[in-house]
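# Tertiary structure, described
Residue strings, one per chain:
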Amino acid sequence: MIDINPAGKKLILSLDGGGVRGILTVAMLAELEKLTGKTCPQMFDMVAGTSTGAIIAAGIGLGLSAQELLDDVYRTRLPQAFQSQPQGIWLYLRYLLGGLRNLYDLEPFVESLAPFAAGKKVSDFSKPIVFLSTRDVRTANTYFIVSSGPGAARFRDWPVSGAVAASGAAPVYFAPVLGNLIDGGVGLNGNPCFAATVEALEYIGASEGFTANNVILFSLGTGYSPRTAGEGAAGGFWLYQWVRYIIAQTLEDAGLQAVFTSRAVYGNRVDVRRYNPYLDTASVRDILGISLTGKPDPARIGSGLEDFAASTINLLEEIGRAYAHKVSWTEIGYLPWLDSGPDKGEGRDGGHPLPDIKTVNWAGSLFH
C-alpha cells in the first residue's frame, strides 16, 4: 500500500475532458484505489471535471468508487447509450438530413447517468466538493458549477444529470443543453486544474482548509496522442487536415498550459502533479509492456465519444492500469516527463515526453 498524502493535506483531483478516453482516466483511478486501499471519495477533498471528466467527478462526488464508475458507467451504460443510436453510414445520413446539427440524441446519454444521478441536485454533493464547467453560448462565458463556497448558491438547484450533460455537450456530437449550454472544454478549460485551484484557494479557502502549503493537486489527462507530420508534409495540408490539426492541437496545448499556469501561479503554495500517458505505439508497447497484437493502435484512438467498442475499452483500461503502476504518486511536483530513471525527461514512465525542439535547416530556402 502507498500513502499519497502522509501529511494530511487537502487533495484536489482534476480530470480532463477527452470522450471515450475517460476510460483511461477512470482505470488509472481504479488502480490508485487498489494501491492506496481507499476509494476516491475517501481520498479527495475536491474533484473537478470537464466533459467526460465531469461524469467521473460527479460520480465520485456522489460516493461511487472509480471501479464502480468503470464497471457500471463506462463499460456498460455509456456503450449502450451510443450503440442504441444509428451507426456507420446511417449515423452520417441522419446527420446530413438533420441539417448538420448534431450526431447523437442527448437523451440516451442522460439516461446512462440516471442510476447514480437521478433526482440528485448539485446541493446533494457533500464530500468531496464537486467542480464542473460548462459554456453558455448566449454570453460566451464559462460557468464553474461548484458545490461549496460563495459560488455554490447559484448552482445548488441544478440537477446533477443536467450539469454533467451540459459539461459534456460537445458541439457536433450533441445539441446544446436547454439550447444554450455546451461542453465546458470549449475554450481553455478542457483541463480544469487551474480554474479549480483558483476556486479552492481564492474563493473556498480556509473555510474548507484550502490554504497555502496545505494542498496537493492531482491533474489527470486522458492520454497524449502524438500529432506529428513528416518533413515538409504540412505544405500539402488541405482544409480538412488543417481543421483536424488545429482543433486537436489546441485542445492538447490548452490542457498542458493549464498545468504550467497552475505551477507558475501557485507553485509556491500548491504541490501540482500531472499524470498523462503517452499514447505512442512504441511507448505503450515497450514502456508500459502492453502487447498490441490484434488490438487497436493507441495513437489512433480519438477523443470522440462514439468508439465504445470492446477492444477500445479493454485497451484503454489496460493502459490506464499499467501507467498507474509506472508513475510516482508520491513525488512532489511530478510531471509526465519528470521520471526518476536514467533517461530523465524522456518519458520513461510512459508519460507524455518532454517537448522536443527540432533543428531547422534554412539552406536552400527563400530566407537563406
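Residues numbered from 1 in each chain as written. Predicted model: local features only at pLDDT ≥ 70, side-chain atom pairs only at ≥ 80, totals over all residues. Heavy atoms only, no water.

When you go through the protein residue by residue, the secondary structure sums to 12 helices and 7 strands. For the protein, with 368 residues in total, the buried portion stands at 50%. Excluding contacts between residues fewer than 6 apart, the proportion of contacts in the protein whose partners are at least 24 apart in sequence is 74%. (Helix = DSSP H or I, 4+ residues; strand = E, 2+ residues; numbered from the N terminus. Buried < 20%, exposed > 50% of the residue type's maximum accessible area, 1.4 Å probe, protein only. Contact = heavy atoms within 4.5 Å.)

Under the defined criterion, the tally for this structure stands at 11 salt bridges. Residue R274 pairs with D16 through a salt bridge whose shortest N-O separation is 2.9 Å. In this pair, R274 is assigned in strand β7 (residues 270-275) and D16 in the loop between β1 (10-15) and α1 (22-36), connecting sequence segments 258 residues apart. Here E317 ties to R321 by a salt bridge, and the two come within 2.9 Å at their closest N and O atoms. Note that E317 and R321 are positioned in helix α12 (residues 310-326) at a spacing of 4 residues, about one turn of the helix. Residues E317 and R321 agree in their burial class; the two are buried. A single network of salt bridges, built from pairs that share partners, joins E31, R75, E317 and R321. (Salt bridge = Lys/Arg side-chain N within 4 Å of Asp/Glu carboxyl O.)

Position of D136 relative to the elements: it lies in strand β3 (residues 129-136). Side chain to side chain, D136 and R138 meet in a polar contact 2.7 Å long. Look past the residues within four positions of D136 in its chain and what remains in contact with it is N141, Y143, N180 and L181. (Polar contact = N/O pair within 3.5 Å; in protein donor to acceptor, adjacent residues only side chain to side chain.)

Axis separation between α1 and α12 bottoms out at 7 Å; the angle between their running directions is 45 degrees. By the angle between their axes, α1 is oblique relative to α12. Where α1 crosses over α12, the handedness of that crossing is right-handed. Residues I23, L24, A27, M28, A30, E31, K34 and L35 of α1 pack against I313, L316, E317, I319, G320, R321, Y323, A324 and H325 of α12. Here the contact of α1 with α12 is built from residues that sort into 11 nonpolar, 2 polar and 4 charged. (Axes fitted to C-alpha atoms, helices over the stretch in contact; angles between N-to-C directions. Parallel < 35°, antiparallel > 145°, perpendicular 65-115°, else oblique. Left-handed = near helix turned anticlockwise from the far one by under 90°. Nonpolar A, V, L, I, M, F, W, Y, C, P; charged D, E, K, R; others polar.)

Between helix α3 (residues 52-61) and helix α8 (residues 160-168), the shortest axis-to-axis distance is 8 Å and the interhelical angle comes to 155 degrees. When the axis of α3 is compared with that of α8, the two are roughly antiparallel. The two elements α3 and α8 meet at a crossing, and its hand is right-handed. In contact with A54, I55 and A58 of α3, α8 contributes V160, V164 and S167. Class assignment of the residues belonging to the contact of α3 with α8 gives a composition of 5 nonpolar, 1 polar and no charged.

Here we take up the confidence of the model for the protein. Chain-level statistics for the protein give a pLDDT mean of 85 and a share of 88% at 70 or above. Considering each helix and strand of the protein separately, the mean pLDDT is smallest for helix α5 (residues 88-97), with a value of 54, and largest for β1, with 98. (pLDDT = per-residue confidence, 0-100.)

The residue L220 is located in strand β6 (residues 215-220) in this model. On the basis of relative accessible area, L220 is assigned to the buried category, the value being 0%. With 196 residues separating them along the chain, L220 and L24 place their C-alpha atoms 9.8 Å apart. Not counting chain neighbours up to four residues away, the residues in contact with L220 comprise L13, S14, L15, D16, T25, M28, L29, R274, Y275 and W329.

Another aspect to go through is the packing of aromatic side chains. Under the definition given, this model contains 9 aromatic pairs. Ring centres 6.2 Å apart and planes at 15 degrees place the aromatic pair F218 and Y275 in the stacked group. Placement of F218 in strand β6 and of Y275 in strand β7 is noted, with a sequence separation of 57 residues between them. As far as the burial class goes, F218 and Y275 line up, both buried. For the pair Y224 and Y278, a centre-to-centre distance of 5.9 Å together with 25 degrees between the ring planes defines the contact as stacked. Of this pair, Y224 sits in the loop between β6 and α10 (239-266) while Y278 sits in the loop between β7 and α11 (281-287), and the two are 54 residues apart along the sequence. (Phe/Tyr/Trp six-rings, centres within 6.5 Å; stacked < 30°, edge-to-face > 60°.)

Take the pairing of β3 next. Taken across its 8 residues, β3 has 7 buried, putting it largely inside the fold. With 4 bridges joining them, strand β2 (residues 46-49) and β3 adopt parallel strand pairing. The residue bridging G49 from the neighbouring strand is L132, located in β3. One ladder, built from 6 bridges, connects β3 with strand β4 (residues 141-146); its direction is antiparallel. Counted as the bridge partner of R135 is T142 from β4. Hairpin remark: β3 followed by β4, antiparallel, with 4 residues in the connecting loop; positive phi at A140, about 60 degrees. Taken together, the 3 bridges between β3 and strand β5 (residues 181-183) define a ladder with antiparallel strand orientation. (Pairing = 2+ DSSP bridges.)

Tracing the chain through its elements places S133 in strand β3. A polar contact is formed between the side chain of S133 and the side chain of T50, at a distance of 2.9 Å. Among all residues touching S133, those that are not within four sequence positions of it are G49, T50, T142, Y143, F144, S167, G184 and N189.

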